Amino acid sequence: MELSYILQEKYNVTIKTATNEQIYYALAFLINQKTKNTKSKPTKKKLYYLSAEFLIGRLLGSALVNLGLYESVAKELCENGKDIADIEELENEPSLCNGGLGRLAACFMDSAAALKLNAEGVGLLYHFGLFRQVFENNAQTAKPDKWLSDKSFLAKTDTTYPVEIGGKMLMARQYQIDVIGDSNYKNKLTLFDLESIDEKIVADGIEFDKQDISQNLTLFLYPDDSDENGRLLRVYQQYFMTSAAAQYIIDDCVKRGCKLSDLHEYAVVQINDTHPTMIIPELIRLLCEKGTDLDDAINTVSKTCAYTNHTILAEALEKWHISMIKKAAPKLLPYIEILDSRVRRKCCDEKTFIIDSNDMVHMANIDLHVCFAVNGVAKLHTELLKTTELSEFSKLYPHKFHNKTNGISFRRWLCLSNPRLAKLIESLVGSSYLENAESLKVLLKYINDEKVLSQLVSIKQENKQKLSQYLFKKQGIHLPEAFLFDIQIKRLHEYKRQQLNALSVISMYLDILSGKIPKTPVCVIFGGKAAPAYTIAQDIIHLILCLSQLVNGDEAVSRYLRVVMVENYNVSWAQKLIPACDISQQISLASKEASGTGNMKLMLSGAITIGTLDGANVEIAELVGRENIYIFGDDSETVVNRYKDKSYQPQKYYDENKKLRDAVNFITSEKMLAIGDRNRLRRLKNELLTKDWFMTFPDFDEYMKTREKAYADYFEGQSWSQKMLVNIANAGYFSSDRTIKEYNADVWKLN
Ligand code: 26Q
């Protein structure tokens, strides 16, 4: 086969005698060879998917999957005493993102390439990414995530663009990564880097001089914005990205025959949340500079740009003070002011103004007025946008609003990460399920097939065993595969309510201590990073790590319960955790999680969801039916009303519920204080008792009961494997291929 040929030619070795490194480079070379002559037939119109984040994950394995080579390569390696997993581990995971929105962008790019759509991702090349999470003394510390190496699938191009920023002229250098559809088709992901970047200015941890933009702009994603300089740097980053992107898009379109006035026929720009919003005034500015009349420029840009909203949290809707934009991009401000004055002429509702009375520029409002399409990322989320958060806008522009429920790439989240399950599905459904994911429904006919059900269980067991071994290797923790694996993996955020999970774990722990022995032994697994300046989120991590030490260290308790937090949760971890999961925790406060995509990945791997009616959980519940999902807690209407009438008092629940009270009190118990940080634990308890802004207390009781019920059902066996099957069979709707087809049909119209 070709691999052995390349190894022979390049290094004069066989697969048996080659080092893993040599095999890595040989495979990278093979991928390159296979894709270098892809003949794409580009359509006139091209999608530019603009995003501050692309959480692409490791690329070696996914490239092999998309080229249809993974299985044969893995087999050949195995026959020669090599494990493809060890080769994959040599690649540093690109650290270009913080969470769901960036992973979504990566799945979308994968699907667009698979569907052979003319699409390009455009973003920034961060040298140290978000940060690498390290646990020290039961707390998170942040280190630079230095991921770039000679093994990175990244090509430097000859293209640079000047960006006038903060009174300086800085150069943006274009890098590109191939996004492979199959052996006949590939797209590109463009990442701009600051030409004059200096990695050496990062001193201890992730500290650096935030003011020196000529050296720091593309060091980290979302540098700590707890102070003014951090916030300003964020604005600089955004302008740097959008200015380079705008110049590139115009250039790229002109090369393809575009005449500026018909830009919208050559380009559609999807704005991924508000982080790239400055592309709107920047495109208008550039068009005007090139001689276009202002009205025409606004009109053209309006027809070119579409916006996706990923959050309903008011604090996540970006607004920047005028002075910041003036500092970063003085030439941009007049265009923002023009847009604002046009809004003021047209509408009277202050909430829709672009610049408010405190001189804050509301980025989302620019998108909402200018873009021709606006979408939310799950049914409930889009409805809530229309009826609550953005109701003034939906009245103004009802035709702009539409829903596009998120999706996930089945190639990465099934074929690559759960190959045995993929193989079983293929044997039952046929390989066409990848082109038509809805055909997974065929699986339903095996609902009473003992053999298929037991195969599902044995695949899960094997995946649990693999995870266990990996976790032992990485963190020295042993998890018994006979336990139920109950997993919550996502960014740390109060609204996602890891603290509710932790409270419930405390309650289980106290029950065991008091002699109430559970039938089902459980490993509760967490994974997620907290923003360095987000104190309460750090406190929650601290609580979980302390609990882990207590529970796992107690011989009597650990026979029934384990608590683990994986360090530096990322895509590579997700690929190992998801296939091994029995219960998927999706417990955000109803109305707060826009969609979630982990929920979809876990469902596809046969995990059963325990969740609130929030985000895409609502759609999962509709698809699988209430007997195949564990729903609990207040619904979004109740929550929205409780916020509205300001009636919520956590103390009341604490006073009335002994189980809850015991769990909350335990946070600052002698046992915890003996191993934990007094300040952190007290602050956390106090936060819950006096604020509990994300309402964990009202849902606590039902959560405990639902969890207990789920554990009991798991113990039953057969009916559990049927639930697994129903979940997998109904996951087809959540293929990102479906989402991308919908975007294309309704928004992009790439012909
Ligand atoms: C806010 C203010 C100032 C600066 C930055 C930000 C900021 C940064 C990152 C706001 C939001 C983000 C990231 C949001 C995100 O990842 N949202 C997730 O998007 C997923 C894909 O649509 C959804 O599935 C998740 O529900 C949503 O949380």
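In this text the structure is predicted, and so the values were computed from the model without any measurement. Per chain, residue numbering runs from 1 following the sequence as it is written. Reporting of local features is limited, given that this is a predicted model, to residues whose pLDDT is at least 70; pairs of side-chain atoms are given and counted only at 80 or more, and all residues count toward the totals for whole chains, interfaces and linings. The basis for every side-chain value is the complete set of heavy atoms in the structure, and neither hydrogens nor water enter the calculation.

### Topic: the environment of A731
Secondary structure counts use DSSP, requiring at least four H or I residues in a row for a helix and at least two E residues in a row for a strand, with both numbered from the N terminus. Take A731: it is sitting in the loop between α31 (718-729) and α32 (736-748). Throughout this description, buried means an accessible area under 20% of the type-specific maximum (1.4 Å probe, protein chains only), exposed means over 50%, and partly exposed covers the range between. Of the residues examined, A731 reaches a relative accessible area of 1% and is grouped as buried. In sequence terms A731 and A663 are 68 residues apart; their C-alpha atoms lie 36 Å from each other. When sequence neighbours within four positions are dropped, the list of residues in contact with A731 reads F410, M603 and L604. In what follows, residue pairs with any heavy atoms lying within 4.5 Å of each other are defined as contacts.

### Some remarks on the domain arrangement of the protein chain
Under the domain assignment used here, the protein chain contains domain 1 (1-37 + 58-84), domain 2 (38-57 + 93-406) and domain 3 (410-732). All the domain ranges listed were derived from an automatic or database domain assignment. One C-alpha centre belongs to domain 2, the other to domain 3; they are set 32 Å apart. In this complex, domain 2 contributes 38 residues to the contact, which on the side of domain 3 involves 42 residues. Across the domain 2/domain 3 interface, buried area totals approximately 3,100 Å², and carbon plus sulfur atoms make up 56% of it. Here the quantity called buried area is the accessible surface, traced with a 1.4 Å probe, that two parts lose on coming together, added over both. Broken down residue by residue, the surface that domain 2 buries against domain 3 is led by Q133, F135 and N138, which jointly contribute 21%. One speaks of a salt bridge when a side-chain nitrogen belonging to Lys or Arg is within 4 Å of a carboxyl oxygen belonging to Asp or Glu. The partner of E622 in a salt bridge is K379, with the nearest N and O atoms 3.1 Å apart. By the criterion applied in these results, polar contacts are pairs of N or O atoms within 3.5 Å in which, for protein atoms, one can donate a hydrogen and the other can accept it, and in which residues neighboring in sequence qualify only through two side-chain atoms. Our enumeration of links across domain 2 and domain 3 arrives at 18 residue pairs in polar contact (both at pLDDT 80 or more). Mapped by element, the contributors of at least two residues to the side of domain 2 that touches domain 3 are α6 (100-114), β3 (132-136), β4 (139-143) and α15 (379-389). Considering every element that reaches the side of domain 2 that touches domain 3, the biggest residue donor is α6, with six residues.

### Regarding the layout of surface pockets
Here the second largest pocket is characterised by a volume of approximately 1,700 Å³. Points on a 1 Å grid over protein atoms alone make up a cavity when a 1.4 Å probe fits among them but cannot get out, and a pocket when they form an open set with protein on both sides within 12 Å along at least five of seven lines; lining residues each have an atom within 4 Å of a point. Lining the second largest pocket are 49 residues; nearest its centre among them are Y70, C415, L416, S417 and P419. The leading source of residues in the lining of the second largest pocket is helix α19 (residues 450-475), at seven residues. Gly is placed with the polar residues, together with every amino acid not listed as nonpolar (Ala, Val, Leu, Ile, Met, Phe, Trp, Tyr, Cys and Pro) or charged (Asp, Glu, Lys and Arg). Here the lining of the second largest pocket is built from residues that sort into 19 nonpolar, eleven polar and 19 charged. Grid points are joined across faces, edges and corners, and a volume is the space filled by probe spheres set on the points.

### Here we look at the sheet that holds strand β14 (residues 484-489)
The parallel open sheet is built from six strands, whose spatial order is β16-β15-β14-β17-β18-β19. The outermost strands of the open sheet, each flanked by one partner alone, are β16 (561-566) and β19 (630-631). When strand β15 (residues 522-527) meets β16, the two strands line up parallel, connected through six bridges. Residue F526 lies in a different strand from β16, and its bridge partner there is M565. Helix α20 (residues 498-513) rests against β14, β15, β16 and β17 (583-586) of the sheet, and its axis sits at about 155 degrees to β15. The sheet contacts of α31 involve β17, β18 (608-611) and β19, and relative to β18 the element is tilted by about 85 degrees. Strand pairing follows a simple DSSP-based rule, namely that at least 2 bridges must link the two strands. Note on definitions: angles span 0 to 180 degrees between N-to-C directions of axes, and those axes are lines fitted to C-alpha atoms, for helices only across the stretch in contact.

### With respect to unusual backbone geometry
The bulk of non-glycine residues show a negative phi, and the bulk of peptide bonds are trans. The backbone of D359 sits at a positive phi, close to 65 degrees, despite the residue not being glycine. Tracing the backbone shows D359 in the loop between α13 (333-346) and β11 (360-362). One non-glycine residue with positive phi stands out, namely K749, at about 50 degrees. Summarising the element assignment, K749 is placed in the segment after α32.

### Some details on the side chain of N501
Tracing the chain through its elements places N501 in helix α20. Judged by relative accessible area, N501 falls into the buried class, the value being 0%. For N501, the contacting residues outside a window of four places in its chain are Q488, V524, F526, Q585, I587, Y703 and R707.

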